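Notes for the structure review
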Amino acid sequence: MTSTASKKAGAALAGFLVGGAAGFVLTEAIAAFFHFVLDITLDVEGYPVLLALFLGLPFLGALVGAFTGTRVADRQAGR
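Okay, so let's go over this structure. For every chain, the first residue of the written sequence is number 1, and numbering continues from 1 along that sequence. With the structure being a predicted model, the display of local features is reserved for residues of pLDDT at least 70 and the display and counting of side-chain atom pairs for 80 or more, all residues being used for whole-chain, interface and lining totals. Computation of side-chain values covers all heavy atoms of the structure but excludes hydrogens and water.

1. Looking at the overall build of the chain
Rules: Elements are defined by DSSP. Helices are runs of H or I of four residues or more, strands are runs of E of two residues or more, and each kind is numbered from the N terminus. Within these notes, the globule rule equals 2.2 Å times the number of residues to the 0.38 power, and the radius of gyration is based on C-alpha atoms. For every residue, the accessible area (1.4 Å probe, protein chains only) is compared with the maximum for its type, and the residue is labelled buried under 20%, exposed over 50%, or partly exposed between those bounds. Contacts are assigned to residue pairs that have any heavy atoms within 4.5 Å of one another. Accessible surface is estimated by sampling points in the Shrake-Rupley manner with a 1.4 Å probe; for residues, cover comes only from the protein chains shown. Working convention for charge: Lys and Arg count positive, Asp and Glu count negative, and His plus the chain ends are omitted. Taken as the charge centre is NZ of Lys, CZ of Arg, CG of Asp or CD of Glu, depending on the residue.
Of regular secondary structure, the chain possesses two helices and zero strands. In terms of overall dimensions, the chain is more spread out than a globule: its C-alpha atoms have a radius of gyration of 17 Å, far above the 12 Å expected for 79 residues. Along the three orthogonal principal directions, the C-alpha set of the chain runs to about 50 × 25 × 15 Å. Burial analysis of the chain (79 residues in total) assigns 22% to the buried set. Sequence separation of at least 24 residues holds for 76% of the intrachain contacts in the chain that already meet a minimum separation of 6. Only carbon and sulfur atoms are counted for the fraction: they give 71% of the accessible area of the chain, which is about 5800 Å². Side chains of the chain carry 5 positive and 5 negative charges; the gap between the two charge centres is 33 Å.

Here's what the structure looks like:
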């Protein structure tokens, strides 16, 4: 693995972790908003679409973060 590929992989991993964490925080913020502001407790057991949203949002954030990390590493390498 070259030095550029190693930096790109490290940036992708960091972006994946940060993006996944941001997606998780976003889902928790949505749940807290519904609970405290609207006084509605979200129940994902009866709604598969809501469950898919709460499972998919952190994963989508992780993928976007990994993509962004690789793009930043490419720009820093001068490509």
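This is not the end of the story, as more comes after the structure.
2. Comments concerning the environment of Thr-4
As for its placement among the helices and strands, Thr-4 is situated in helix α1 (residues 3-37). Remark: the alpha-carbon pair of Thr-4 and Ala-21, spanning 17 residues in sequence, is separated by 26 Å.

3. As for helix α2 (residues 48-77)
The following threshold applies: Expected span of a helix, by definition, is 1.5 Å for each gap between consecutive residues, and there is one gap fewer than residues. Throughout, bend refers to the angle between the axes fitted to the seven residues that end at a position and the seven residues that start at it.
In this model, α2 (30 residues) spans 43 Å end to end at C-alpha, consistent with the 44 Å of a helix rising 1.5 Å per residue. In the structure, α2 departs most strongly from a straight axis at Gly-56, where the bend amounts to approximately 30° and where the proline Pro-58 lies between one and four residues downstream. Residues Leu-50, Phe-54, Pro-58, Gly-61, Ala-62, Gly-65, Ala-66, Gly-69, Thr-70, Ala-73 and Asp-74 constitute the buried set of α2. At its buried positions, α2 is contacted by α1.

4. Things to note about unusual backbone geometry
A positive phi is found at Asp-39, a non-glycine position, where the angle reads about 60°. Take Asp-39: it is sitting in the loop between α1 and α2. We classify Asp-39 as exposed; its relative accessible area is 67%.

5. Some details on the pattern of salt bridges
Pairing is possible between side chains of opposite charge, provided their charged atoms come close. Selection rule: Only one rule defines a salt bridge in this text: a Lys or Arg side-chain nitrogen within 4 Å of an Asp or Glu carboxyl oxygen.
Within the structure shown, the criterion is met by one salt bridge. Of the charged contacts in the structure, one is a salt bridge between Lys-8 and Asp-74, with a shortest N-O distance of 3.6 Å. Here Lys-8 is found in helix α1, whereas its partner Asp-74 is found in helix α2, with 66 residues between them in sequence. Its relative accessible area of 29% is what places Lys-8 among the partly exposed residues.

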